[in-house]
Amino acid sequence: MVFSGGQDSTTCLYWAKNKFERVVALSFLYGQKHQQEVEYAAAIARKAGVEFHVKDVSFIGKLGQNALTDSSMAMDQEKPADNVPNTFVPGRNLFFLSIAAVFARELGIRHLVTGVSQTDFSGYPDCRDSFIKSLNVTLNLALDDEFVIHTPLMWIDKAATWALADQLGVLDIIRHETITCYNGIPGDGCGHCPACKLRREGYEKYLAEKSNQK
């Protein structure tokens, strides 16, 4: 499980626990400004009873400029019309999943899980289904193995992600113990960065849908 301790990856962590006998969570230090997310990830992994590892790949944050690793950059509040947001870390999911595959292979694991979503992907190209499918083929060829990359959230929005967390019995954990905020504030976060706005809008939509079903 490629695990950041955020809403999406934590939901997927518990999805994986429900699906597989053994789950190993892997977090990364990639030069992010708010490295406490790894501490939150470790705490959630302990609570979930899954093995937890961290890899230092801080070179990723130095390969290009982005607002998540460069404190001098002002964060884009909306997706630019003609470009990806400056919160996009080039190569992040490419490196994360590639490293996860090599690590998993050493552990005898062939299933990789990631929380990317094309429905609510903020314009990040490495969250698209076409990228995941392509990388899955590449990893199998590169390592001469048969990996399967699982993306439980690929075709659902944030409201449905909250619904899945509720179905898994971990909505309160997701709500209060994860860290999704680009400004490094846990739980409901700062409330105004793009990640927080997407998370809050999804939560409110889910509660409205749940209320209408009663």
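In this text, all values refer to a predicted model and were calculated from it rather than measured experimentally.

Caption draft 1: Structural context of the overall build of the chain. Along the backbone of the chain there are seven helices and four strands. The linear arrangement of helices and strands in the chain, starting from the amino end, is α-β-α-β-α-β-α-β-α-α-α. Rg of the C-alpha trace for the chain: 17 Å, near the compact-globule value of 17 Å for 214 residues, within the 12% margin. With the C-alpha coordinates aligned to their principal axes, the bounding extent of the chain is approximately 50 × 40 × 30 Å. For the chain, restricting intrachain contacts to residue pairs at least 6 apart in sequence, the fraction spanning at least 24 positions comes to 69%. Charge-centre separation for the chain: the mean point of 22 positive side chains lies 2 Å from the mean point of 25 negative side chains.

Caption draft 2: Molecular detail of the environment of Ala165. Checked against the element boundaries, Ala165 lands in helix H5 (residues 158-167). For Ala165, a relative accessible area of 0% corresponds to the buried category. Between the C-alpha atom of Ala165 and that of Thr119, which follows or precedes it by 46 residues, the distance is 17 Å. Here Ala165 is in contact with Thr11, Val170, Leu171 and Ile174, once residues within four sequence places are set aside.

Caption draft 3: Representation of the packing of aromatic side chains within the structure. Scanning the entire structure with this criterion turns up six aromatic pairs. Look at Trp15 and Phe20: their rings are 6.4 Å apart centre to centre, the planes differ by 75°, and that puts the pair in the edge-to-face class. With a centroid separation of 5.7 Å and an interplanar angle of 40°, the aromatic rings of Phe88 and Tyr124 are classed as tilted. Of this pair, Phe88 sits in the loop between strand E2 (51-56) and helix H3 (92-107) while Tyr124 is found in the loop between strand E3 (111-113) and helix H4 (129-143), placing the two residues 36 residues apart along the sequence. You can call Tyr124 buried: its relative accessible area is 5%. Ring pairing ties together the aromatic residues Phe28, Tyr30 and Phe96, which thus form one cluster. Across the ring face of Phe20, the terminal group of Lys19 is positioned such that the distance to the ring centre comes to 5.7 Å.

Caption draft 4: View of the pattern of salt bridges. Using the criterion set out here, one finds nine salt bridges in the structure. Of the charged contacts in the structure, one is a salt bridge between Lys133 and Asp129, with a shortest N-O distance of 2.7 Å. Taken as a pair, Lys133 and Asp129 lie in helix H4 at a separation of four residues, close to a single helical turn. Residue classification places Lys133 among the exposed residues on the basis of a relative accessible area of 51%.

Caption draft 5: Local environment of the packing of helix H1 (residues 7-19) against helix H2 (residues 36-48). The contact between H1 and H2 brings their axes to 11 Å, and the two run at 25°. Here H2 runs roughly parallel to H1, going by the angle between their axes. With respect to the hand of their crossing, H1 and H2 are arranged in right-handed fashion. For the pair H1 and H2, contact is made by Thr10, Leu13, Tyr14 and Lys17 and by Ile44, Lys47 and Ala48, respectively. Looking at the contact of H1 with H2, its residues break down into four nonpolar, one polar and two charged.

Criteria and cut-off values
Residues numbered from 1 in each chain as written. Predicted model: local features only at pLDDT ≥ 70, side-chain atom pairs only at ≥ 80, totals over all residues. Heavy atoms only, no water. Helix = DSSP H or I, 4+ residues; strand = E, 2+ residues; numbered from the N terminus. Rg over C-alpha atoms; globule rule 2.2 N^0.38 Å. Contact = heavy atoms within 4.5 Å. Lys, Arg positive; Asp, Glu negative; His and termini not counted. Charge placed at Lys NZ, Arg CZ, Asp CG, Glu CD. Buried < 20%, exposed > 50% of the residue type's maximum accessible area, 1.4 Å probe, protein only. Phe/Tyr/Trp six-rings, centres within 6.5 Å; stacked < 30°, edge-to-face > 60°. Lys NZ or Arg CZ within 6 Å of the ring centre and 35° of its normal. Salt bridge = Lys/Arg side-chain N within 4 Å of Asp/Glu carboxyl O. Axes fitted to C-alpha atoms, helices over the stretch in contact; angles between N-to-C directions. Parallel < 35°, antiparallel > 145°, perpendicular 65-115°, else oblique. Left-handed = near helix turned anticlockwise from the far one by under 90°. Nonpolar A, V, L, I, M, F, W, Y, C, P; charged D, E, K, R; others polar.

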